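Summary of the model geometry
Chain by chain, the residues run as shown.
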Amino acid sequence: MPHCILEYSAPLAEQIVIDTLVDLVHRGAIESDLFEPASIKSRAYCAEHYCVGEANDANFIHIGFKIMPGRTSEQKLHLMQCVDRLIAPLCDTVSSITMEVLDIEREHYFKRLNG
């Protein structure tokens, strides 16, 4: 835990290196010191079809963090601030950057580690 899930508008792949963005989000989660580094999983999904407000040329990045319960609001804010500090220089042309931290209910989560 956590799962760091990035969604981004397709044209951004022409402006920023998405692999770098994923690496920075991952590093921000590590630098937050809230999780064991080996348990952090980060990935990105491209939104080919999207709307942002009324602007035809607007773009977005949304980062969702799915974590196990037990972190305070301050810790969740710290996580988002750590990530934002790292991605901000890369994302200065992005119209909208949003983040959210969601708790996963333990009784509705399954994990199997092989090997």
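First things first, this report covers the structure right here in the doc.

Rules of the game
Residues numbered from 1 in each chain as written. Predicted model: local features only at pLDDT ≥ 70, side-chain atom pairs only at ≥ 80, totals over all residues. Heavy atoms only, no water. Helix = DSSP H or I, 4+ residues; strand = E, 2+ residues; numbered from the N terminus. Expected span 1.5 Å × (residues − 1). Buried < 20%, exposed > 50% of the residue type's maximum accessible area, 1.4 Å probe, protein only. Arc of directions from axis to C-beta. Contact = heavy atoms within 4.5 Å. Pairing = 2+ DSSP bridges. Right-handed = clockwise from strand over helix to strand, strands pointing away. Salt bridge = Lys/Arg side-chain N within 4 Å of Asp/Glu carboxyl O.

**Topic: helix 2 (residues 73-87)**
- Here helix 2 contains 15 residues, and its C-alpha end-to-end distance of 21 Å stays within 8% of the 21 Å for a straight helix at 1.5 Å per residue.
- Of all the residues in helix 2, the buried ones are Lys76, Leu79, Cys82, Val83, Leu86 and Ile87. Down the axis of helix 2, the buried set is contained in an arc of 120°. They therefore lie on one face. Every exposed residue of helix 2 that faces more than 90 degrees away from the buried side is listed here: Ser73 and Glu74.
- Buried residues belonging to helix 2 abut helix 1 (18-31), strand 3 (60-67) and strand 4 (96-103).

**Describing the pairing of strand 2 (residues 41-47)**
- Bridge count between strand 1 (residues 3-9) and strand 2: seven bridges; the pairing is parallel. Along strand 2, the bridge assignment pairs Cys4 with Ser42.
- Between the parallel pair strand 1 and strand 2, the chain is carried across by helix 1, and the sense of this crossover is right-handed.

**Thoughts on the pattern of salt bridges**
- By the definition in use, this model includes two salt bridges.
- We note a salt bridge from Glu31 to Arg85, for which the minimum N-O separation is 2.9 Å. Here the residue Glu31 occupies a position in helix 1, and Arg85 occupies one in helix 2, the gap between them amounting to 54 residues.
- Given a relative accessible area of 33%, Glu31 falls into the partly exposed group.
- One salt bridge connects Asp103 with Lys76, and the closest N-O pair in it is separated by 3.0 Å. With Asp103 in strand 4 and Lys76 in helix 2, this residue pair connects regions lying 27 residues apart in the sequence.
- Judged by relative accessible area, Asp103 falls into the partly exposed class, the value being 39%.

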